[in-house]
Amino acid sequence: MRIFATYNIKGGVGKTATAVNLAYLAARDGYRVLLWDLDPQAAASFLFRVRPRVKGGGKALIAGKRSIDDAIKATDFDDLDLLPADFTYRNLDLLLDAGKKPARRLATLLAPLRSDYDVIFLDCPPGISLLSESVLGAADTVLVPLIPTTLSVRTLDQLTDFIAGLDGHRPSILAFFSMIDRRKRLHREIAEQLPGRRSDVAATAIPALSAIELMSVQRSPVTASAPRSRAGLCYRELWQEARQRGKLPDPPSRP
Amino acid sequence: MQNALREFVLDDSQGAGDDPLPLPLPGSRFSWADGDRARALRRTWLDTFDWRLYRSGLTLEQVSSRGLSQITLTGRDGEVIAAQAVSPRRSGDATGLVKWPSLLGALPVGPLHEHLIPVVGVRALLPVARAVSRVHDQRVLNSDDKTVARVSVDRMSVTFPATAAAAPRLSVRALRGYQAQASRLVEVLAAIPGVADGTQSALEAALAAAGRRPGDYSGKISVQLAPRMPAVTAMAAVFAALLDTLEANVSGTVRDVDTEFLHDLRIAVRRTRSALRLAGGALPASLVRAFRPEFKWLGDLTTPTRDLDVYLLGFPGMAAGLVAGTEQELRPFRDHLVRRRAAAQRGLARGLRSARFSRLTGEWRDALSEAASGGRRRPTAAELAASRIARAHRRVIADGSAITATAPPDSLHELRKRCKELRYLLEIFGSLHDPAEQWQAVRELKNLQDCLGEFQDTEVQREEIRVFAAQMMDERTAPAATLLAMGEIAAGLATAQRQARSEFSDRFRQFASPASQARIRALTRAAAA
């Protein structure tokens, strides 16, 4: 089982779009996939038409009083399940803080799912908090969407330093440019130069495309509704890169 | 995807058209949405000839679709126990599709193989039904337009054992986390006229459409006798049932599908011969005189192959018991047995394809139906059973009691034959007896038979191994190490024989105990009364 997390301190950079599309593509490739919508805004749950509610809320899940297994919902797509968001997730920091070893808590909760899933995606809310630390403690690979600006690149540096300073488990980072506007010179320059200079920046970039924004209207990943669109192809390329960086073994053959 | 939550069968009012979906869902908030494209599945259900999987509540099915093939073992509730992907045969592909019938060894080692071994044993897996299913999936959405269940319609055309169309089957599968909504959908569907609960599995439905039912063969005698029926009618029914078993196993024996076809065939012949000798008096004497030599011929025809089968089936155990020799050193011996068996099998197949064999079975069946229709009303089946079982029992007790510690081996061999006769009589007339008493009586007898069987089999095998060694010397196929290992096996057989001999008196004492004797007497008395 490999765990990917989509994470950035900043909001509105394409974390959920990435998690949803990559999770869908992983399932299409034959992996058994779970996506955990950790963001109380519940965008991923909304996209999959799953009601953002978990019985007992985040408290029961984090405390282990309610099995994660019971809260999982199938999406409309084969091999892709969702652990929905819940509005109580806004308190996840406090809930984690109340328990032992908060930084390892998510890893511990997800461990029993090892036999059920090949790949887990964690779609995280923005910010840097105890929850982020717990996500970094569970993830094998952190996918970091970046808008190509100088400040964004600075946040990537901060994140890299933060992970380097962690004790024990340290996930690998795969940053990629998201929401690129080719009409902006700065976007073009940064997006072209940085991948050559830094090995943790993916060669694939996701442009700002209306097809991606339309996902919230169609309530479906663009990779499912328009797999051959430019957006669909870009996400496919990004998934290939993430698969390689995450050293994901081939999916089990299941006719 | 989960197991089917519920299965339905559509009658002509709902299932006659090309596409029964979407069905109306009145008074509910559910709606239909297109699922995957319709797909065709080629299905083959596999079992042993004697339905070992079906009798154990297991279903083994190979499904092929779009160039992919998978064999799946499921339990009583349709839960998947093990599955194995098999790819279509390509040149140079070692894991091609298995051709059925096949022994378990043809399946790749893995969980499926592991689960099947204890149930299937030495029997081959063979197709018991084949069908092509055209499956059309639809999704059922809730008021959020979220899929909560998948419903598929399976229109199955059975191609084996006969060509037939099965009624369309509709199965509802809940999506994970939506069981409650899917259960409500099931209630809605169940209320639609023309939609009935599907009580049969797909295999049962396929077989029913083709006019067969699963579990319709068993090597056991399954003839139902009534105590007051004329003995001649009862015996004709017993012989006819034994002939059915015999004939059912001919094709598998000739094609050498697995060793148990011959085993069952041979037991049917032995039972027939014993019944002719012990209770044949109920039939016209001329009939018995005419057929006894023919069944002896048939019995003798089957002996060489079966003896070699017993040797080969026990070979891994013998090889594992070697202390000084190695399995590798025994290999030439095994090769020798395999060659001998191939030659014996050719002779057996020739015999079973001969005119003499067809004449025997054809004329025997005609003679039985003629004998059953006429004849005397007395003795009754129960009277015949009581007298014959009592007589056979008396002989076992008398012969067994005469065996002392110094008695020659032949006396044990003779006693074994008497025990077999008693056993066959108990089994033939089993339907006349109280089942619990009958089971206990057979169990006590079997305990004695096992000991006598071990004593004689080890003696026969010890003699045979000398013959085999001489043959191999003549053929110059016996390295010294092989002969030494064979000598070790012979020594092991002698030890096993001594052990069986030492256990005999205890086993016989148990069998001849007053309680056991009273049981046999009560058994026959109750039937005769």
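Residues numbered from 1 in each chain as written. Chains lettered and ligands numbered in written order. Predicted model: local features only at pLDDT ≥ 70, side-chain atom pairs only at ≥ 80, totals over all residues. Heavy atoms only, no water.

Participant: Any chance you could explain the packing of aromatic side chains here in plain terms?
Facilitator: Think of a pair of aromatic rings as described by two things: how far the centres are apart, and how the planes are tilted against each other in angle. One pass over the full model with this rule turns up 17 aromatic pairs over all chains. Taking 6.4 Å as the distance between ring centres and 90° as the angle between the ring planes, the aromatic pair formed by Y31 of chain A and W239 of chain A counts as edge-to-face. In this pair, Y31 of chain A sits in the loop between helix 1 (15-28) and strand 2 (33-37) while W239 of chain A sits in helix 13 (residues 230-245), placing the two residues 208 residues apart along the sequence. As far as the burial class goes, Y31 of chain A and W239 of chain A line up, both buried. On the numbers, 4.8 Å between centres and 45° between planes, the contact of F49 of chain B with F261 of chain B is tilted. (Phe/Tyr/Trp six-rings, centres within 6.5 Å; stacked < 30°, edge-to-face > 60°. Helix = DSSP H or I, 4+ residues; strand = E, 2+ residues; numbered from the N terminus. Buried < 20%, exposed > 50% of the residue type's maximum accessible area, 1.4 Å probe, protein only.)

Participant: Sorry, what's going on with the nonpolar core here?
Facilitator: Nonpolar side chains tend toward joint burial in soluble globular proteins. Membership of the largest hydrophobic core comes to 71 residues, with the highest contact counts inside it found for L283, L298, W364 and F429 of chain B. If you tally residues by element for this core, the top one is helix 6 (residues 231-248) of chain B, at nine residues. Residues within four places of L298 of chain B in sequence aside, it is in contact with L246, V269, L352, F357 and L360 of chain B. Judged by nonpolar contacts, the second largest core, of 61 residues, contains A26, V119, I212 and L248 of chain A. (Core = buried A, V, L, I, M, F, W, Y, C linked by side-chain atoms within 4.5 Å. Contact = heavy atoms within 4.5 Å.)

Participant: What should I look at first to understand unusual backbone geometry in this one?
Facilitator: Glycine aside, residues mostly have negative phi, and peptide bonds are mostly found in the trans state. P101 of chain B follows W100 of chain B through a cis peptide bond whose omega is 0°. Along the polypeptide, P101 of chain B turns up in the loop between strand 6 (80-86) and helix 3 (111-120). Residues F160 of chain B and P161 of chain B are joined by a peptide bond in cis, for which omega reads 10°. The residue P161 of chain B is located in the loop between strand 8 (147-160) and strand 9 (164-165) in this model. Of note, A42 of chain A is a non-glycine position whose phi angle comes to about 60°, a positive value. Tracing the sequence through the fold places A42 of chain A in the loop between strand 2 and helix 2 (43-47). Under the relative-accessibility criterion, A42 of chain A is labelled buried at 6%.

Participant: Sorry if this is basic, but what is going on with helix 12 (residues 355-373) of chain B here?
Facilitator: Note: α-helices contain 3.6 residues per turn, so residues at a spacing of three or four share the same orientation. All names here are of chain B. Here helix 12 is 19 residues long and its end C-alpha atoms lie 27 Å apart, about the 27 Å a rise of 1.5 Å per residue gives. Looking only at helix 12, the buried set comprises F357, L360, T361, W364, A367, L368 and A371. The buried residues of helix 12 all sit within an arc of 140° when viewed along its axis, so they share a single face. The outward face of helix 12, more than 90 degrees from its buried face, is lined by the exposed residues A355, D366, E370 and S373. Elements in contact with the buried residues of helix 12: helix 6, helix 7 (250-254), helix 8 (259-279), helix 9 (285-313) and helix 11 (327-353). (Expected span 1.5 Å × (residues − 1). Arc of directions from axis to C-beta.)

Participant: Teacher, can you tell me more about the side chain of E421 of chain B here?
Facilitator: Position of E421 of chain B among the secondary structure elements: in helix 14 (residues 409-428). Excluding residues within four positions of it along the chain, E421 of chain B makes contact with R277 and L278 of chain B.

Participant: Would you explain the interface of chain B and chain A in this entry?
Facilitator: One frequent convention defines the size of an interface as the accessible area lost when the parts assemble. Of the residues lining the interface, 17 residues belong to chain B; the matching set on chain A comes to 15 residues. Where chain B abuts chain A, roughly 1300 Å² becomes buried across the two surfaces, and 39% of that area is made up of carbon and sulfur atoms. Among the residues of chain B in contact with chain A, D144, K146 and R176 of chain B are the three that bury the most area, contributing 45% of the side total. In this structure, D76 of chain A and R139 of chain B form a salt bridge, with 3.2 Å as the shortest nitrogen-oxygen distance. Applying the counting criterion to the chain B and chain A interface returns 11 residue pairs in polar contact (both at pLDDT 80 or more). (Buried area = accessible area lost by both parts, 1.4 Å probe. Salt bridge = Lys/Arg side-chain N within 4 Å of Asp/Glu carboxyl O. Polar contact = N/O pair within 3.5 Å; in protein donor to acceptor, adjacent residues only side chain to side chain.)

Participant: Help me understand the packing of helix 13 (residues 381-401) of chain B against helix 14 of chain B, please; the structure alone is not making it clear to me.
Facilitator: Packed helices, taken two at a time, are described by the angle their axes make and the gap between the axes. All names here are of chain B. Contact pair helix 13 / helix 14: the axes reach a minimum separation of 9 Å and the direction vectors enclose 155°. What the angle tells us is that helix 13 and helix 14 run roughly antiparallel. In this structure, the crossing between helix 13 and helix 14 has a hand that is left-handed. Between helix 13 and helix 14, the contacting residues are R388, I389, A392, H393, R395, V396, D399 and G400 on the first element and L415, R418, C419, L422, L425 and L426 on the second. Of the residues assigned to the contact of helix 13 with helix 14, the class counts are eight nonpolar, two polar and four charged. (Axes fitted to C-alpha atoms, helices over the stretch in contact; angles between N-to-C directions. Parallel < 35°, antiparallel > 145°, perpendicular 65-115°, else oblique. Left-handed = near helix turned anticlockwise from the far one by under 90°. Nonpolar A, V, L, I, M, F, W, Y, C, P; charged D, E, K, R; others polar.)

Participant: I would appreciate a short explanation of the pattern of salt bridges in the present structure.
Facilitator: Pairing is possible between side chains that carry opposite charge, provided their charged atoms lie close to one another. Residue and element names in this part refer to chain B. The tally for this structure, following the rule as stated, stands at 45 salt bridges over all chains. With a shortest N-O distance of 3.4 Å, K446 and D450 are connected by a salt bridge. Taken as a pair, K446 and D450 lie in helix 15 (residues 435-475) at a separation of four residues, close to a single helical turn. You can call D450 partly exposed: its relative accessible area is 42%. Linked through salt bridges whose partners overlap, the residues forming this network are R277, E414, K417, R418 and E421.

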